[in-house]
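# Residue-level structure breakdown
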Amino acid sequence: SHRKFERPRHGSLGFLPRKRTKHVFGKLKSFPKDDASKAPHFTAFMSYKAGMTHIIRDVDRPGSKLHKKEIAEAVSIIEAPPMVVVGFVGYV
């Protein structure tokens, strides 16, 4: 008898306005802790979540009810465009 129950909101207001982004490049927001004993190496790699699908795999868990049986699992498809180095920063 109330709008709250008859037509609930679809989605969060935090994602409004729903429209295509103006910039197509993502941001790197976190990096692993630096280990000075290791040689210089990549600490971040840009990739995008392109979608999801499912796979059928065998479970190898002795003692489980699903041991040696097939299950369907959800997986993410990650798209990684070619990486172009445009510069680097060195610290002393």
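Below or above, wherever it landed, is the structure these notes cover. The structure presented is a predicted model; accordingly, all values stated were derived computationally and were not measured. Throughout, a residue's number is its position along its own chain's written sequence, starting from 1. Thresholds applied to this predicted model are a pLDDT of at least 70 for local features of residues and 80 or more for the giving and counting of side-chain atom pairs; totals over whole chains, interfaces and linings are not thresholded and use all residues. Side-chain measures here rest on the full set of heavy atoms in the structure, leaving out hydrogens and waters.

### Focus on the overall build of the protein chain
This is how it is decided: Helix and strand definitions here come from DSSP, where helices need a minimum of 4 consecutive H or I residues and strands a minimum of 2 consecutive E residues; each element is numbered from the N-terminal end. In this setup the radius of gyration rests on C-alpha atoms only. A globule is expected at 2.2 Å times the number of residues raised to 0.38. Using a 1.4 Å probe on the protein chains alone, a residue whose accessible area is under 20% of its type maximum counts as buried, one over 50% counts as exposed, and one in between counts as partly exposed. Throughout, a residue-residue contact means that at least one pair of heavy atoms, one from each residue, lies within 4.5 Å. Only the protein chains shown count as cover for residues, and all accessible areas are computed by the Shrake-Rupley method using a 1.4 Å probe. Charge assignment: positive for Lys and Arg, negative for Asp and Glu; neither His nor the chain ends contribute. To locate a charge, take NZ of a lysine, CZ of an arginine, CG of an aspartate or CD of a glutamate.
Per the secondary structure count, the protein chain includes one helix and two strands. Along the chain direction, N to C, the helices and strands of the protein chain fall in the order α-β-β. For 92 residues, the compact-globule formula gives about 12 Å, and the C-alpha radius of gyration of the protein chain, at 22 Å, lies well above that figure. Each of the three principal axes of the protein chain carries a C-alpha extent, and together these read 65 × 50 × 25 Å. A burial count over the protein chain gives 2% of its 92 residues as buried. Residue pairs in contact within the protein chain that sit at least 24 positions apart in sequence constitute 38% of those at least 6 positions apart. Just so you have it, the protein chain exposes about 9700 Å², and 58% of that area is on carbon and sulfur atoms. Separation of charge centres in the protein chain, based on 18 positive and 8 negative side chains, amounts to 13 Å.

### Quick notes on the environment of K29
Relative to the helices and strands, K29 is located in the loop between α1 (3–6) and β1 (48–58). Its relative accessible area of 73% is what places K29 among the exposed residues. Along the sequence, K29 and G87 sit 58 residues apart, while their C-alpha atoms lie 19 Å from each other.

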